[in-house]
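Per-entry structural report
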Amino acid sequence: MDFAGETALVVWRCDACGAAAHRQVNQFVERGALRWDAEHWCDACGRRFCVYGGPRSGVAPEEVRAAIVAANGSVRLVLPQLPLSRVSILRVLRGSPELSGDAAPDLATARRLADTLAAGRLTGTWCEMTLIAQRLRACGVDAGVERVASASGGR
């Protein structure tokens, strides 16, 4: 999969004129990396701008994640069968700053994430979980994603 994405449309207050305006937030996986952007426009005053996360941004701001989850729901990372060794899982999780902020998780955090994953409770946006599933499959770990009923957006 070279490209996958989700979007959400939210109303915001225009900084220029104070009128109700629109913001479309997008999160996507492109060539093995997580990206995001937000397009803003105000019909009242004509102001338009776009904020782009850039090629190394990875982690979307919380307001982008929250809007995506509110519009589309959360997704759970699923392992049909736990591998005998967690080494590959820990390696992938440690190399995934998308799960813990701007820095890659340390070993203790990766272990907690692996425990959460093993319990079937590692959730995030569809793009975040799809990217982690791709990385796990590349390491030989069978992984998939599924929508969850609740839109909690938790990790």
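Scroll up a little and you will see the structure.
One structure accompanies this document, and this report is about it. Quick caveat: nothing in here was measured; it's all calculated off a predicted structure.

Calculation notes
Residues numbered from 1 in each chain as written. Predicted model: local features only at pLDDT ≥ 70, side-chain atom pairs only at ≥ 80, totals over all residues. Heavy atoms only, no water. Phe/Tyr/Trp six-rings, centres within 6.5 Å; stacked < 30°, edge-to-face > 60°. Helix = DSSP H or I, 4+ residues; strand = E, 2+ residues; numbered from the N terminus. Buried < 20%, exposed > 50% of the residue type's maximum accessible area, 1.4 Å probe, protein only. Pairing = 2+ DSSP bridges. Axes fitted to C-alpha atoms, helices over the stretch in contact; angles between N-to-C directions. Left-handed = near helix turned anticlockwise from the far one by under 90°. Contact = heavy atoms within 4.5 Å. Nonpolar A, V, L, I, M, F, W, Y, C, P; charged D, E, K, R; others polar. Salt bridge = Lys/Arg side-chain N within 4 Å of Asp/Glu carboxyl O. Polar contact = N/O pair within 3.5 Å; in protein donor to acceptor, adjacent residues only side chain to side chain. Core = buried A, V, L, I, M, F, W, Y, C linked by side-chain atoms within 4.5 Å. Parallel < 35°, antiparallel > 145°, perpendicular 65-115°, else oblique. Expected span 1.5 Å × (residues − 1). Arc of directions from axis to C-beta.

1. Some thoughts on the packing of aromatic side chains
If you walk through the whole model with that rule in mind, you get one aromatic pair. Between tryptophan 12 and phenylalanine 49, the ring centres sit 6.0 Å apart and the planes meet at 90 degrees, which makes this aromatic pair edge-to-face. Here tryptophan 12, found in strand E1 (residues 3-13), pairs with phenylalanine 49, found in strand E4 (residues 48-52); they are 37 residues apart in sequence, far enough to count as distant.

2. Regarding the pairing of strand E5 (residues 75-78)
Consecutive residues of a regular strand have side chains that alternate between opposite faces of the sheet. Burial along E5 is one-sided: Val75 and Leu77 are buried, while Arg76 and Val78, pointing the other way, are not. Where E5 lies against strand E6 (residues 123-124), two bridges are found, and the strand directions are antiparallel. In the strand pairing of E6, arginine 76 is matched with threonine 123. Judged from the four bridges that link them, E5 and strand E7 (residues 144-147) form a sheet pairing that is antiparallel. By the bridge assignment, arginine 76 is partnered in E7 with glutamate 146.

3. Some words on the packing of helix H2 (residues 87-94) against helix H3 (residues 107-118)
The geometry of H2 relative to H3 is characterised by a closest axis approach of 9 Å and an angle of 115 degrees between their N-to-C directions. You can see that H2 and H3 cross each other, and the crossing is right-handed. Contacts between H2 and H3 pair Ile89, Leu90, Leu93 and Arg94 from the former with Leu107, Ala110, Arg111, Leu113, Ala114 and Leu117 from the latter. Taken together, the residues of the contact of H2 with H3 sort by class into eight nonpolar, no polar and two charged.

4. Comments concerning the pattern of salt bridges
Inspection of the entire model under this criterion finds eight salt bridges. One salt bridge connects glutamate 30 with arginine 31, and the closest N-O pair in it is separated by 4.0 Å. Taking relative accessible area as the criterion, arginine 31 reaches 65% and is therefore assigned exposed. One network of salt bridges, with partners in common, ties together Glu30, Arg31 and Arg35.

5. Looking at the side chain of glutamine 27
Secondary-structure assignment places glutamine 27 in strand E2 (residues 20-30). When its relative accessible area of 0% is taken as the criterion, glutamine 27 is described as buried. At 3.4 Å, the side chain of glutamine 27 and the side chain of glutamate 128 are in polar contact.

6. Observations concerning the nonpolar core
Counting residues in hydrophobic clusters, the biggest one holds 19 residues, and the most contacted among them are Leu77, Ile89, Leu93 and Leu136. For this core, the secondary-structure elements that each account for two or more residues are E5, H2, H3 and helix H4 (126-138). Here leucine 77 is in contact with Leu117, Leu122, Met129, Ile132, Ala133, Leu136, Gly144 and Val145, once residues within four sequence places are set aside. Counting eight residues, the second largest nonpolar core, distinct from the first, contains Trp36, Ala60, Val64 and Ile68.

7. With respect to the packing of H2 against H4
Where H2 contacts H4, the axes come no closer than 10 Å and their chain directions differ by 140 degrees. Classed by the angle they form, the pair H2 and H4 counts as oblique. Seen along the crossing, H2 lies across H4 with a hand that is right-handed. Residues Ile89, Val92 and Leu93 of H2 form the contact with H4, whose participating residues are Ile132, Arg135 and Leu136.

8. With respect to H3
Residues that lie three or four places apart on an α-helix share one face, since the helix turns once every 3.6 residues. Between its first and last C-alpha atoms H3 spans 16 Å; for twelve residues at 1.5 Å apiece the expected length is 16 Å, and the two agree. All buried positions along H3 are accounted for by Thr109, Ala110, Leu113, Ala114, Thr116 and Leu117. Relative to the axis of H3, the buried residues are bounded by an arc of 160 degrees and lie together on one face. Tucked inside the fold, the buried residues of H3 contact E5, H2 and H4. Of the residues that open H3, the one with a side-chain oxygen 3.3 Å from the backbone nitrogen of alanine 108 is aspartate 106. A positive backbone phi angle near 75 degrees is found at glycine 120, which sits one or two residues after H3.

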